[in-house]
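Letter by letter, the chains look like this.
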Amino acid sequence: MKDLFFELQEKINSKTKPLGALGQLEETALQVGSIQGSTRPEVKLPHLVVFAGDHGIAETGLVNPYPQAVTAQMVHNFIRGGAAINVFCRQHQITLKIADAGVKADLSELHGSPEFIHAKIAPGTRNYLEEPAMSFEETERAIAVGRVIVNNIAATGCNTIAFGEMGIGNSSAASLLMAAFLNLPLEKCVGRGTGADDIQLTRKLQTLQAVSDKHLSVISLRSPLKTLQYLGGYEIAMMVGAYLSAAEHKMTIVVDGFIASAALLVAQSLRPEVLDNCIFGHCSGELGHHHLLHHFGARPLLNLGMRLGEGTGAALAIPLVQSAVLFLNEMAEMDSLKIPG
Ligand SMILES: Cc1cc2ncn([C@H]3O[C@H](COP(=O)(O)O)[C@@H](O)[C@H]3O)c2cc1C
Ligand SMILES: O=C(O)c1cccnc1
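- If you check an unreviewed UniProt entry, the chain appears there as Nicotinate-nucleotide--dimethylbenzimidazole phosphoribosyltransferase from Flavihumibacter stibioxidans.
- Under the heading Pathway (unreviewed entry), UniProt records this for the chain: "Nucleoside biosynthesis; alpha-ribazole biosynthesis; alpha-ribazole from 5,6-dimethylbenzimidazole: step 1/2."

This is the structure in structure tokens:
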């Protein structure tokens, strides 16, 4: 029996085009075929889940240019359909779900909305300048809930998924996780987030250095779950569970920007094979993302200087994944051409 990878490569090479001429779309077709174990892969019912959660540190204003209240305001905006991620999901017919993983506001008026998933672990994390962001039990529960959310989506027949996030202050959690998991100095991991100016960036870096120093004993334990518990957030932990479940369901996972990639670092350290299912949607403009992509050995599909989060970079890349699958299934083969001579 021929090896699937070889069969896929042969099928790609037999198409009516010069060898390799569809560039990265060819690698994408090869990867999606391998994930689905098929030479006729399909993109079925693509979904995007935005996980929202608040961060205790954001109440101090030391690391975030925008106030914490924006997280809840944006969740309302997602449900009204007015955010960037709504626009792109509508454009590309991606089903959008918004999960309240830990927003510090009463969102009960949204509970009836079909897009809304009530999954609140707690109203915001603790300030990790003072204590661990989450309890260990909360961390494990958030991961478990993330798994259930994706299990339910898999049951609809979806085989292609992306994860976004909303949480004022979460670029800080992502930077801390990156520094801890990759054993890097914070200067290489801390960027401007929503647009910190030079003074705000210096203060953000100093603040996060203090957090990192405080929790050094846990960080040096090199326990992925403990590190996540101390430095992460509810939306990040839920995304970790979502990645793990999506890979188990043999879904194609389209990875978003800096924060989504930091969550993937945690998932990777728990289950390295998750990476086989990941297609990297874009390179974010956030400092550190380039380095993270390099760590994953990833070549992102897009590089538009976007630095928004919400899953927007992944949403824009999903049509490219669809194009990869369609050329594989629909293009004619070379031997169908009547070449004279
Ligand atoms: C209006 C608005 C909409 C957003 N959508 C995503 N983010 C993004 O910015 C936040 C991370 O940046 P930081 O760590 O600097 O707070 C996250 O919520 C992220 O999704 C937004 C931020 C704002 C202000
Ligand atoms: O790349 C991201 O995910 C990102 C960058 C800046 C702010 N929020 C998200």
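Details of the overall build of the chain
Here is step 1 of the chain: Secondary structure assignment for the chain yields 13 helices and six strands.
Here is step 2 of the chain: For a compact globule of 341 residues, the expected C-alpha radius of gyration is about 20 Å, and the chain comes in at 20 Å, within 12% of that figure.
Here is step 3 of the chain: Along the three orthogonal principal directions, the C-alpha set of the chain runs to about 75 × 45 × 35 Å.
Here is step 4 of the chain: Classification of the 341 residues of the chain by burial places 49% in the buried group.

Some details on the nonpolar core
Here is step 1 of the chain: Ranked by size, the top nonpolar core spans 102 residues in total, and within it Ala99, Leu177, Met238, Tyr243 and Ala263 carry the most contacts.
Here is step 2 of the chain: Ranked by residue count, the leading element in this core is helix H10 (residues 234-248), at ten residues.
Here is step 3 of the chain: Residue-level mapping places this core at the junction of two domains, with at least three residues from each of domain 1 (2-41 + 328-336) and domain 2 (47-320).
Here is step 4 of the chain: Once residues lying within four places of it in the same chain are set aside, the contact partners of Ala99 are Val49, Val50, Phe51, Ala52, Ile117, Ala119, Ile149 and Met238.

Re the site of ligand 1
Here is step 1 of the chain: Taken together, 18 residues surround ligand 1, and among them Tyr66, Ser171, Gly193, Thr194 and Gly309 come closest.
Here is step 2 of the chain: Of all the elements in the fold, those that place two or more residues in the shell around ligand 1 are helix H3 (69-80), strand S4 (160-166) and helix H6 (170-182).
Here is step 3 of the chain: The greatest single-element share of the shell around ligand 1, amounting to three residues, is contributed by H6.
Here is step 4 of the chain: Here the residues of the shell around ligand 1 are counted per class, giving seven nonpolar, nine polar and two charged.

Some remarks on H6
Here is step 1 of the chain: Between its first and last C-alpha, H6 extends 18 Å over 13 residues, near the 18 Å set by a 1.5 Å rise per residue.
Here is step 2 of the chain: With twelve of its 13 residues buried, H6 lies for the most part within the structure.
Here is step 3 of the chain: Of all the residues in H6, the buried ones are Asn170, Ser171, Ser172, Ala173, Ala174, Ser175, Leu176, Leu177, Met178, Ala179, Ala180 and Phe181.
Here is step 4 of the chain: Taken from the residues just after H6, Asn183 is the one with a positive phi, measuring 55 degrees.

Examining the site of ligand 2
Here is step 1 of the chain: For ligand 2, the set of nearby residues contains 14 residues, the closest of which are Gly257, Phe258, Ser284, Glu286 and Gly309.
Here is step 2 of the chain: Here the shell around ligand 2 takes three residues from helix H11 (residues 258-270), the largest share from any one element.
Here is step 3 of the chain: Taken together, the residues that form the shell around ligand 2 break down as four nonpolar, seven polar and three charged.

Some points on the environment of Met334
Here is step 1 of the chain: Inspection of the secondary structure puts Met334 in the segment after helix H13 (312-330).
Here is step 2 of the chain: Among the residues examined, Met334 registers 12 C-beta atoms within 10 Å and is labelled exposed.
Here is step 3 of the chain: Once you skip the residues sitting within four places of it in the chain, Met334 turns out to touch Ser14 and Thr16.

Section: the UniProt feature "active site" (unreviewed entry) in the chain
Here is step 1 of the chain: As annotated in UniProt, the feature "active site" (unreviewed entry) corresponds to Glu310 in the numbering used here.
Here is step 2 of the chain: For Glu310, the location among the structural elements is in the loop between helix H12 (289-296) and H13.
Here is step 3 of the chain: Beyond its immediate stretch of four places on either side in the chain, Glu310 contacts Val50, Ala83, Ala84, Ile85, Gly164 and Met166.

Cut-off values and rules
- Here the residue index of a chain counts from 1 through its sequence in written order.
- Chain letters start at A and ligand numbers start at 1, both assigned in the order the entries are written.
- In view of the model being predicted, local features appear only for residues whose pLDDT reaches at least 70, and side-chain atom pairs are presented and counted only at 80 or more, with totals across whole chains, interfaces and linings using the full set of residues.
- UniProt positions are given in the numbering used here, feature names are shortened, and annotations may be inferred rather than shown by experiment.
- Per the convention used, a helix needs a DSSP run of H or I reaching at least four residues, while a strand needs a run of E reaching at least two, with both numbered from the N terminus.
- Radius of gyration: over C-alpha atoms. The globule rule applied is 2.2 Å multiplied by the number of residues raised to the 0.38 power.
- Using C-beta atoms placed from the backbone, we call a residue buried if 20 or more other C-beta atoms fall within 10 Å of its own, exposed if 12 or fewer do, and partly exposed for counts in between.
- By our criterion, buried Ala, Val, Leu, Ile, Met, Phe, Trp, Tyr and Cys residues that link up through C-beta atoms within 7 Å make up a nonpolar core.
- What counts as a domain boundary in this text is fixed by an automatic or database domain assignment.
- Here, residues touch in the contact sense if the C-beta positions derived from the backbone fall within 7 Å of one another.
- Any residue whose C-beta atom, as set from the backbone, lies within 6 Å of a molecule or strand is reported as near that molecule or strand.
- Under the convention adopted here, Pro, Cys and the residues Ala, Val, Leu, Ile, Met, Phe, Trp and Tyr are nonpolar, Asp, Glu, Lys and Arg are charged, and Gly plus all remaining residues are polar.
- Working rule for helices: expected span equals 1.5 Å times residues minus one.

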